[in-house]
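A look at the structure
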Amino acid sequence: MISERINTLKSELPQGVRLVAVSKFHPVEAIAEAYEAGQRIFGESKVQEVCAKQELLPKDIEWHFIGHLQTNKVKYLVPFVTLIHGIDSYRLLAEVDKQAAKVDRVVDCLLQIHIAREETKFGFSMEECRQMLTTGEWKQLHHVRICGVMGMATNTEDMKQVEEEFASLSAFFREIKQRWFADVEYFKEISMGMSHDYHQAIAQGSTLVRVGTFIFGERNY
Ligand SMILES: *Cc1c(COP(=O)(O)O)cnc(C)c1O
């Protein structure tokens, strides 16, 4: 039962850690069931899919976009999205700002950092992210708020490695908080941890765990 798994998860989460129920590829009926159990934050990774779902579901749902976002699709998302986890270039951040300005919103964003040893995952390297922040250009973007960082660990059974990767993201969060965001209370999020590694992520300071399979079962792509 979806509701039971939501409740199990919630009882495991320490204070200050929020659950993003990753509902990608699952039908609105499954989301409605989680909603009935009290879940309000849902994560999706395809623009078309999240746009269609949000029209059909209650308006107090917080939609988090966790996928790779193409600049040409930003405009569909900004009218309703609560948090974009996957900002992986300055160009994308600037596009979110531009589109958010058009609809008179300020959209919360996380900087996606590449922490896995795999080549395939998106994200800034830590050095690229420092360089982007050093330019200071982002300070002119008044329709986005950088609220923290997001990362995905390597898909491996080696949980020690996973924990090290999460620890490196936590350390990076503290570094950039100190250097660029020390005086903003909203820079506080570390989005890390999925179904198979959220325990390790929480141990390393995650504030947002993104859990799909554990709640909804396997996805049919
Ligand atoms: C699909 C996805 C998740 C959820 O993964 P599960 O293994 O199903 O919990 C989390 N984060 C991102 C970025 C995803 O794409």
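All figures in this text were calculated on a predicted structure; none of them were measured in a lab. (Residues numbered from 1 in each chain as written. Predicted model: local features only at pLDDT ≥ 70, side-chain atom pairs only at ≥ 80, totals over all residues. Heavy atoms only, no water.)

With respect to the layout of surface pockets
What the largest pocket holds in volume is close to 660 Å³. In this structure, the largest pocket is lined by 28 residues; those nearest its centre are Lys24, Ser45, Ile66, Gly67 and His68. Along the lines of polarity and charge, the residues of the lining of the largest pocket split into 11 nonpolar, 11 polar and six charged. Considering only enclosed or pocket space, the second largest pocket measures out at about 190 Å³ in volume. Surrounding the second largest pocket, Trp138, Lys139, Leu141, His142, Val144, Arg145, Ile146, Trp180, Phe181, Asp183, Val184 and Tyr186 form its lining. Take the lining of the second largest pocket: its biggest share by element is three residues, from strand β6 (residues 144–151). Considered class by class, the residues forming the lining of the second largest pocket number eight nonpolar, one polar and three charged. (1 Å grid on protein atoms, 1.4 Å probe; cavity = no way out; pocket = protein on both sides within 12 Å on 5 of 7 lines; lining within 4 Å. Points joined across faces, edges and corners; volume = space filled by probe spheres on them. Nonpolar A, V, L, I, M, F, W, Y, C, P; charged D, E, K, R; others polar. Helix = DSSP H or I, 4+ residues; strand = E, 2+ residues; numbered from the N terminus.)

Overview of the pairing of β6
Burial within β6 is extensive, with seven of its eight residues counted as buried. As judged from the three bridges shared by β6 and strand β7 (residues 189–191), these two strands associate in the parallel manner. Each residue of the ladder has a partner; that of Met150, found in β7, is Ser191. At this point the chain moves from β6, through helix α7 (residues 159–180), to the parallel β7, and the crossover so formed is right-handed. (Buried < 20%, exposed > 50% of the residue type's maximum accessible area, 1.4 Å probe, protein only. Pairing = 2+ DSSP bridges. Right-handed = clockwise from strand over helix to strand, strands pointing away.)

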